[in-house]
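Each chain, written out:
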Amino acid sequence: MAASFSIIIPAYNAVGFLRRAVDSALAQAWEEVEIIIVDDGSTDGTPAMAADYQTQHPDRVRFVEQTNQGPGAARNHGISKAQGDFILCLDADDELVPEALGLFAEKIAQVPEVEMVFAGYFSVSLDGDRKAYCPEPVAADPMRNFLNYIRGRGVTPTHGAVAIRRKVFDQLHYPESIRNNEDVVLFAQILATRVVASLPDPILLKYKRVGSLRYDQAAVAEASQRAAQLLFDANILPPAFIRHQAEFQSSRHLARFRTLYRDKRFAEARAQYHQAIKIYPRHLFRMNALAKYLRSLRRDKAN
C-alpha cells in the first residue's frame with residue numbers, strides 16, 4: 001500500500017509568505033496527502049488566509065487554531081489531528097518541490113521499516129541565490145548517525161525535508177518548553193532510537209528571512225542549554241548516548257560563538273567560547289573555532 005502523508009504547517013503572523021508554502025503542498029504530485037495549517041495565535045491575516053484555503057480545498061486542507069505557544073506546540077497540535085502514515089512539518093516560509101512526496105514514497109517503499117527519512121534541500125539567500133545541500137547515506141550504526149548530527153557533520157535533517165512515521169509520535173514529540181532547537185531534540189532522539197534513511201534529492205526550498213525565529217539569536221541562546229537537558233532524557237536515550245551530553249552542551253555554546261563572531265560581537269563570542277571549553281575541554285582542539293577566537297582578539301585590539 002502506498003504511503004500517505006500529512007503536511008503540518010505551523011504559522012505565526014505568516015500572511016506575507018504562507019501562500020507559497022500551502023500552494024507548494026497543494027501542488028504535490030501525490031494524491032495521498034492532507035494539509036493541516038496550525039495558526040499559533042497570529043495577530044495578522046494568517047487565520048483568514050488559512051480559513052480561505054480550507055474553504056477552497058475542503059478535501060485536502062484543514063485549519064486549526066491555538067493560542068500562541070510556539071512552533072513545537074503548533075507542530076504537536078497538528079500531528080495530533082493527522083491521519084497520514086507519515087508526518088512532514090513544513091515551515092510557513094519555505095516551499096516544497098512538486099515531486100517531494102513522490103520521492104519520499106519511493107524511498108519508503110524501498111525501506112518499509114523506516115521511521116524517518118530526511119532529504120536534501122536548497123538554501124535560498126536573501127538575494128535569491130540557491131545552494132543545494134544533499135545528505136550522504138546514513139550509517140547502519142545509530143550511534144554514528146547520532147554523533148554526526150550533534151557534531152554538525154554532513155547534511156542532517158531539517159524541517160520540510162523530513163518525513164517521520166506518525167506512530168513515532170506515540171512516544172516522542174517536539175518539546176514545547178523551548179521555541180528554538182526543539183527540532184534538534186526530536187531529530188537527535190529519532191536518530192538514536194529509530195530506523196532512519198536518507199534521500200539525496202533536494203526536495204525543499206529553505207528561505208532565509210530577516211526576523212524569522214530560526215535567526216532570532218536571543219531565542220537560540222535561551223533555548224540551547226534547555227535543549228541539552230531535554231535531549232538527554234534517560235527515559236528515551238540508552239546509557240551509551242547519555243554520556244555525550246557535555247559534548248553536546250559545549251557544541252551549543254560553540255554554535256552561539258560562531259554566530260556572534262559572524263556578527264562581529266567579539267567579546268560576547270569569546271564568552272561563549274570560554275563556556276564551551278569549560279564544559280568540554282576537548283573542543284579546544286577544534287582548530288577552526290580556535291582560529292576564530294584568536295582572530296577576534298586581534299580584531300578587538302585593532303579597533
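Keep in mind the model is a prediction, meaning the values are calculated, not measured. (Residues numbered from 1 in each chain as written. Predicted model: local features only at pLDDT ≥ 70, side-chain atom pairs only at ≥ 80, totals over all residues. Heavy atoms only, no water.)

Asks: Just give me the short version of the nonpolar core, but keep the residues and values in it.
Replies: Phe5, Ile7, Leu18, Phe104 and Ile203 are the most contacted members of the largest nonpolar core, which totals 46 residues. Beyond its immediate sequence surroundings of up to four residues, Leu18 is in contact with Ile9, Ala11, Ile37, Thr46, Met49 and Ala92. Counting residues in each nonpolar core, the second largest holds 41 residues, with Leu172, Val185, Leu230 and Phe232 among its members. (Core = buried A, V, L, I, M, F, W, Y, C linked by side-chain atoms within 4.5 Å. Buried < 20%, exposed > 50% of the residue type's maximum accessible area, 1.4 Å probe, protein only. Contact = heavy atoms within 4.5 Å.)

Asks: I'd like a description of helix H5 (residues 142–150), backed by residues and values.
Replies: Within H5, burial applies to Met143, Asn145, Phe146, Leu147, Tyr149 and Ile150. Among the residues of H5, the N-terminal cap falls to Asp141, whose side-chain oxygen and the backbone nitrogen of Met143 are separated by 3.1 Å. Looking one or two residues beyond H5, the residue adopting positive phi is Gly152, at roughly 70 degrees. (Helix = DSSP H or I, 4+ residues; strand = E, 2+ residues; numbered from the N terminus. Polar contact = N/O pair within 3.5 Å; in protein donor to acceptor, adjacent residues only side chain to side chain.)

Asks: Requested: an account of the packing of H5 against helix H6 (residues 182–193), with residues and values cited.
Replies: Interaxial distance between H5 and H6 falls to 8 Å at its minimum, and their mutual angle equals 160 degrees. On the basis of the axis angle, H5 is roughly antiparallel to H6. For the pair H5 and H6, the crossing hand works out as right-handed. Residues Pro142, Asn145, Phe146, Tyr149 and Ile150 of H5 form the contact with H6, whose participating residues are Asp183, Val184, Phe187, Ala188, Leu191 and Ala192. (Axes fitted to C-alpha atoms, helices over the stretch in contact; angles between N-to-C directions. Parallel < 35°, antiparallel > 145°, perpendicular 65-115°, else oblique. Left-handed = near helix turned anticlockwise from the far one by under 90°.)

Asks: Before we move on, could you go through the pattern of salt bridges and cite the residues and values that matter?
Replies: Enumeration over the complete set of coordinates arrives at 6 salt bridges. The salt bridge partner of Arg75 is Asp91, with a shortest N-O separation of 3.2 Å. Highlighted residues: Arg75 in helix H3 (residues 71–81) and Asp91 in the loop between strand E4 (86–89) and strand E5 (95–96), separated in sequence by 16 residues. With relative accessibility at 4%, the residue Arg75 sits in the buried group. Using a relative accessible area of 13% as the deciding quantity, one classes Asp91 as buried. Residue Arg194 pairs with Glu115 through a salt bridge whose shortest N-O separation is 3.1 Å. Of this pair, Arg194 sits in the loop between H6 and strand E9 (196–207) while Glu115 is found in the loop between helix H4 (100–110) and strand E6 (116–124), placing the two residues 79 residues apart along the sequence. Relative accessible area serves as the criterion here: at 17%, Glu115 is assigned to the buried category. Through salt bridges that share partners, Arg75, Asp91 and Glu182 make up one connected network. (Salt bridge = Lys/Arg side-chain N within 4 Å of Asp/Glu carboxyl O.)

Asks: Could you give an account of the pairing of E6, naming the residues involved and the relevant values?
Replies: Judged by how many residues are buried, E6 sits mostly within the fold: 8 of 9 residues are covered. The pairing of E6 with strand E8 (residues 162–165) spans 3 bridges and is antiparallel. What sits directly across from Phe118, in E8, is Val162. Strand direction decides the pairing type here: E6 and E9, joined by 8 bridges, are parallel. Bridged to Ser123 within E9 is Lys206. (Pairing = 2+ DSSP bridges.)

Asks: Mind laying out empty space enclosed by the protein, listing which residues take part and the relevant values?
Replies: For the structure on display, the rule yields 1 cavity of 30 Å³ or more. Computed from the structure, the largest cavity encloses a volume of approximately 40 Å³. Ile87, Leu88, Cys89, His159, Gly160, Val162, Ile164, Tyr174 and Phe187 are the residues that line the largest cavity. Within the residue set of the lining of the largest cavity, elements represented by two or more residues are E4 and E8. A per-element tally of the lining of the largest cavity places E4 first, with 3 residues. When the residues that make up the lining of the largest cavity are grouped by side-chain class, the tally is 7 nonpolar, 2 polar and no charged. (1 Å grid on protein atoms, 1.4 Å probe; cavity = no way out; pocket = protein on both sides within 12 Å on 5 of 7 lines; lining within 4 Å. Points joined across faces, edges and corners; volume = space filled by probe spheres on them. Nonpolar A, V, L, I, M, F, W, Y, C, P; charged D, E, K, R; others polar.)

Asks: Describe the packing of aromatic side chains, listing the residues and the values that go with them.
Replies: Scanning the entire structure with this criterion turns up 11 aromatic pairs. When the ring of Phe146 is compared with that of Phe241, the centres are 5.0 Å apart and the planes differ by 85 degrees; the resulting orientation is edge-to-face. With Phe146 in helix H5 and Phe241 in helix H8 (residues 239–242), the pair connects residues that are 95 residues apart, well separated along the chain. Take Phe146: its relative accessible area is 0%, and that puts it in the buried class. What links up through ring pairs into an aromatic cluster is the set Phe257, Tyr261, Phe266, Tyr273 and Tyr293. The side chain of Arg75 reaches across the aromatic face of Tyr174, ending 5.2 Å from its centre. (Phe/Tyr/Trp six-rings, centres within 6.5 Å; stacked < 30°, edge-to-face > 60°. Lys NZ or Arg CZ within 6 Å of the ring centre and 35° of its normal.)

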